[in-house]
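# Observations on chain architecture
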Amino acid sequence: VYKRQGWADLGYQGSDFYETPQIDALAASGMVFTDAYANGPNCAPSRACLLSGLYSPRHGVYTVGSPRRGNNRFRRLEPTPNKTTLADDFVTWAEVLAEQGYQLASMGKWHLGKDPTQQGFQVNVAGREWGSPSGGGYHSPYAYPSLSQQDPGEYLTDRLTDEAIRFIEQNQQQPFFLYLTHYAVHTPIQPKESLHDKYRSKASGKHQHDAKYAAMVESVDHSVGRVLARLEELKLSDNTVVIFSSDNGGFMGATSNHPLRGAKGMLYEGGIRVPLIVRWPSVTVPGTQCNEPVLGIDLYPTFVDISGASLPGETELDGRSLTPLLRDHTASLDRDAIFWHFPAYLQGTGDPGGGPFRTTPAGAIRKGDWKLIEWFETGRQELLSLIHI
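Residue positions are given per chain, counted from 1 along the sequence in the order it is written. Where totals are concerned, whole chains, interfaces and linings use all residues; where local detail is concerned, this predicted model gives features only for residues with pLDDT of at least 70, and gives and counts side-chain atom pairs only at 80 or more. With hydrogens and water excluded, all non-hydrogen atoms of the structure serve as input to the side-chain values.

## Brief notes about the overall build of the protein chain
Applicable threshold: Strands here are runs of E lasting at least two residues and helices are runs of H or I lasting at least four, both read from the DSSP assignment and numbered beginning at the N terminus. When we talk radius of gyration, it's over C-alpha atoms, and the globule rule is simply 2.2 Å times the number of residues to the 0.38. For the exposure calls, accessible area comes from a 1.4 Å probe over protein chains only, and a residue counts as buried if that area is under 20% of its type's maximum, exposed if over 50%, partly exposed in between. We call two residues in contact whenever any of their non-hydrogen atoms come within 4.5 Å of each other. In these tables, accessible area is a Shrake-Rupley quantity obtained with a 1.4 Å probe, and a residue counts as shielded only by the protein chains included in the view. Charge assignment in this entry is limited to Lys and Arg as positive and Asp and Glu as negative, and neither His nor the chain termini are counted. The location of each charge is read from NZ of Lys, CZ of Arg, CG of Asp or CD of Glu.
Helix and strand content of the protein chain: 10 helices and 17 strands. In terms of C-alpha radius of gyration, the protein chain reaches 20 Å, essentially the compact-globule figure of 21 Å for 389 residues. Taking the principal axes of its C-alpha atoms as reference, the protein chain extends roughly 55 × 55 × 40 Å. The 389 residues of the protein chain split such that 58% are buried. Long-range pairs, those at least 24 residues apart, make up 65% of the contacts in the protein chain between residues at least 6 apart in sequence. As presented, the protein chain carries roughly 15400 Å² of accessible surface, and 49% of it is formed by carbon and sulfur atoms. For the protein chain, the distance from the average site of its 36 positive side-chain charges to the average site of its 42 negative ones is 6 Å.

Structure below.
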């Protein structure tokens, strides 16, 4: 499951308002990565990095839409040109696994072009170039590729779960890969009314209080629980690797990432640190925690390792396989540093030293427990010491 959700949006991460018992149970049954990161502060670059196994300068997807977004009269630099489609000449892990005989489905948000079936997936449900739900949003009537519902009342998160379970049932006798990438909890913030009522009558948490957003989080939790339950019923749990993660930090307009600083759109921890759970039966020890810094690009070589696939001869990856960590949570990937490069604009007027802030062109490096952020407009640098929370 790959979606947009803040690091602090889950019960096992300490949320005292959102209810995520199914995801919490998954965390207890697998390995939790405390210092996992998306490759960008928003969705498109993170997804391009995940699919390609490459840092953004390799594929040119830096942001969503125009890199000149916002800032009009305040803009001091001409941003780097941005691509909104992952080029076909990049070999994705989906293409590698398809060569191994896997059936692959992309369910939900794609955001890297018009059709994931051009990048190795045999099945596409509701995936196009858009980053948020189109038409009626999360409530039917709506129409997506291979997913249409004209009768009012259906909730998109529930329907994607239905389709995901159907795919599992149809492919239970062969290797399969389900990329269940919910649009939730992306804006527009549109919950199921029954869950909205529940949270409106619930006392606010210390930092989180948005009842609509909480209801959307719980809908995703229900989805995770339904998928896991069907795997168990089909006796597939012991032979299926389950991964839960996100493509950026929580959106400040809807949630709080406390105790992390910042939010989606920032290179502070709240904008790029994300939940990551891996359950690999007979390999990961239930309830273990790994503090090694890892990135979205690391999942590609991990998938290759787990499947026993071979990369095409010319394929080059920037990520490192997580399998040593999955076998031993105290192991190290022995790399010098990890990086973020965001030469684009989102809303805001500059770096934190210059007024209201979201993201202007910036970059970051993490080496050990130290993190350096540089804002390219001013040359301002901020050196941060990170602690394990």
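## Description of a nonpolar patch on the surface
The line we're drawing: Candidates for patches are residues over 30% relative accessible area with no salt bridge; among them, like charges are joined within 9 Å and nonpolar side chains (Val, Leu, Ile, Met, Phe, Trp, Tyr) within 5 Å. Put simply, a salt bridge is a Lys or Arg side-chain nitrogen that is within 4 Å of an Asp or Glu carboxyl oxygen.
A contiguous nonpolar surface patch, about 460 Å² in accessible area, is contributed by Phe-339, Ile-365, Trp-370, Leu-372 and Leu-383. Tracing the sequence through the fold places Ile-365 in strand β15 (residues 362-367).

## Observations concerning the sheet that holds strand β3 (residues 36-37)
Quick note on the threshold: Pairing between strands is defined by DSSP: at least two bridges between them are needed.
If you trace the 3 strands from one edge of the open sheet to the other, you get β10-β3-β13, paired in mixed fashion. Edge positions in the sheet fall to β10 (273-274) and β13 (294-295), since each has one partner strand and no second. Across 2 bridges, the pairing between β3 and β13 is parallel. Bridging from a neighbouring strand, Ala-36 pairs with Val-294 of β13.

## Side note on the layout of surface pockets
What counts is decided by this rule: Site definitions follow a grid-based scheme: protein atoms alone, a 1 Å grid, a 1.4 Å probe that fits but cannot get out for cavities, and for pockets an open set with protein on both sides within 12 Å along at least five of seven lines, plus lining residues having an atom within 4 Å of a point. Grid points are joined across faces, edges and corners, and a volume is the space filled by probe spheres set on the points. Lys, Arg, Asp and Glu make up the charged group, whereas Ala, Val, Leu, Ile, Met, Phe, Trp, Tyr, Cys and Pro make up the nonpolar group; the residues left over, Gly among them, are polar.
Empty space within the largest pocket amounts to approximately 840 Å³. Forming the walls of the largest pocket are 35 residues, and the residues nearest its centre are Phe-176, Phe-177, Thr-240, Val-241 and Val-242. Of all elements in the fold, only α4 (93-99), β8 (176-181), α7 (211-233), β9 (242-246) and α9 (299-307) reach the threshold of two or more residues within the lining of the largest pocket. Looking at the lining of the largest pocket residue by residue, the class counts come to 27 nonpolar, 7 polar and 1 charged.

## Details of the pattern of salt bridges
Counted according to the given criterion, the structure contains 26 salt bridges. Between Glu-19 and Lys-198 there is a salt bridge, and its shortest N-O distance comes to 2.7 Å. Linking Glu-19 in the loop between β1 (2-3) and α1 (21-29) with Lys-198 in helix α6 (residues 193-200), this pair joins segments that are 179 residues apart in sequence. Judged by its relative accessible area of 27%, Glu-19 is partly exposed. Across the salt bridge formed by Arg-58 and Glu-316, the nearest N and O atoms sit 3.5 Å from each other. You can see Arg-58 sitting in helix α3 (residues 56-59) and its partner Glu-316 sitting in the loop between α9 and α10 (323-327), a full 258 residues away along the chain. What makes Arg-58 partly exposed here is its relative accessible area of 41%.

## Let's talk about the packing of helix α5 (residues 156-170) against α7
Here is the rule we go by: As a rule, the C-alpha atoms of each element are fitted with a line to give its axis, helices using only the stretch in contact, and angles between N-to-C directions run from 0 to 180 degrees. In this scheme, roughly parallel covers angles under 35 degrees and roughly antiparallel covers those over 145, while 65 to 115 is roughly perpendicular and the rest are oblique. Helix crossings fall into two classes, left-handed where the near helix is turned counterclockwise from the far one by less than a right angle and right-handed where it is turned clockwise.
Running from amino to carboxyl end, α5 crosses α7 at an angle of 15°, the nearest separation of the two axes being 10 Å. By the angle between their directions, the pair α5 and α7 is classed as roughly parallel. The two elements α5 and α7 cross, and the hand of that crossing is right-handed. On α7, the residues that touch Thr-157, Asp-158, Thr-161, Asp-162, Ile-165, Ile-168 and Glu-169 of α5 are Ser-219, Val-220, Ser-223, Arg-226, Val-227, Arg-230 and Leu-231.

## Some details on the environment of Lys-202
Structurally, Lys-202 is set in the loop between α6 and α7. Separated by 185 residues in sequence, Lys-202 and Phe-17 have C-alpha atoms that sit 8.2 Å apart. Setting aside residues up to four positions removed in sequence, Lys-202 forms contacts with Phe-17 and Glu-19.

## Examining the sheet that holds strand β17 (residues 381-385)
Across the sheet, which stays open at both edges, the 4 strands sit in the order β14-β15-β16-β17 with antiparallel pairing between neighbours. In this open sheet, the two strands that pair with only one neighbour each are β14 (338-342) and β17. Strand after strand, the sheet turns through a mean of 10° between neighbouring axes, direction not considered. As judged from the 6 bridges shared by β15 and strand β16 (residues 370-375), these two strands associate in the antiparallel manner. The residue of β16 that forms the bridge with Ala-362 is Trp-375.

## Side note on the state of the cysteines
What counts is decided by this rule: Throughout, a disulfide means two cysteine sulfur atoms within 2.5 Å of one another.
This model, assessed by the stated rule, comprises 0 disulfides. Cys-49 forms no disulfide, and the closest cysteine sulfur to it belongs to Cys-43, at a distance of 12 Å. Cys-49 sits in the buried class, given a relative accessible area of 0%.

## Structural notes on unusual backbone geometry
Residue Pro-188 is reached from Thr-187 by a cis peptide bond, and omega for that bond is 5°. Within the element layout of this structure, Pro-188 appears in the loop between β8 and α6. Look at the link from His-258 to Pro-259: it is a cis peptide, with omega at 15°. Position of Pro-259 among the secondary structure elements: in the loop between β9 and α8 (269-272).

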